[in-house]
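Chains, contacts and geometry: an overview
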Amino acid sequence: MKRRLSASIDDEVLAAAEAAVREGRAPSLSALVEEALARQEAHAIRMRAMDGFIAAYEEEFGAFEPGEAETLASGLRASVRSAASILAEPMENAA
């Protein structure tokens, strides 16, 4: 079920959204808003999961040392970039 809503947004944001629809990057303003809200919720879910992981880790192993979390995050970002580049490569012998 879909519901109608009313929202106030900055002129610049609305202009960018309208341009996305006009240029074919989004099927409609409603679809663009729905996708943005869905992405925001997915992000919030991931952040809550990460908070839970960090809390469980610190409960078992103690609090992160200064700089340790940043080092881990940097390594994770590098792993994600590497995986993304592998996924972006054309598959050999694809049927």
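Higher on the page you've got the structure.
What counts, and at which threshold
Residues numbered from 1 in each chain as written. Predicted model: local features only at pLDDT ≥ 70, side-chain atom pairs only at ≥ 80, totals over all residues. Heavy atoms only, no water. Phe/Tyr/Trp six-rings, centres within 6.5 Å; stacked < 30°, edge-to-face > 60°. Helix = DSSP H or I, 4+ residues; strand = E, 2+ residues; numbered from the N terminus. Buried < 20%, exposed > 50% of the residue type's maximum accessible area, 1.4 Å probe, protein only.

1. A word on the packing of aromatic side chains
- Per the stated rule, a full pass over the model turns up three aromatic pairs.
- Judged by centre distance (4.9 Å) and plane angle (45°), the rings of Tyr57 and Phe61 are tilted. Taken together, the residues span about one helical turn, with Tyr57 and Phe61 both in helix α2 (residues 29-61) at a distance of four residues.
- According to the relative accessible area criterion, Tyr57 is partly exposed, its value standing at 26%.
- Looking at Phe61, the relative accessible area reads 55%, which means it is exposed.
- Relative to Phe64, the ring of Tyr57 lies with its centre 4.9 Å away and its plane at 10°, an arrangement referred to as stacked.
- An aromatic cluster is present here, built from Phe53, Tyr57, Phe61 and Phe64 joined pairwise through their rings.

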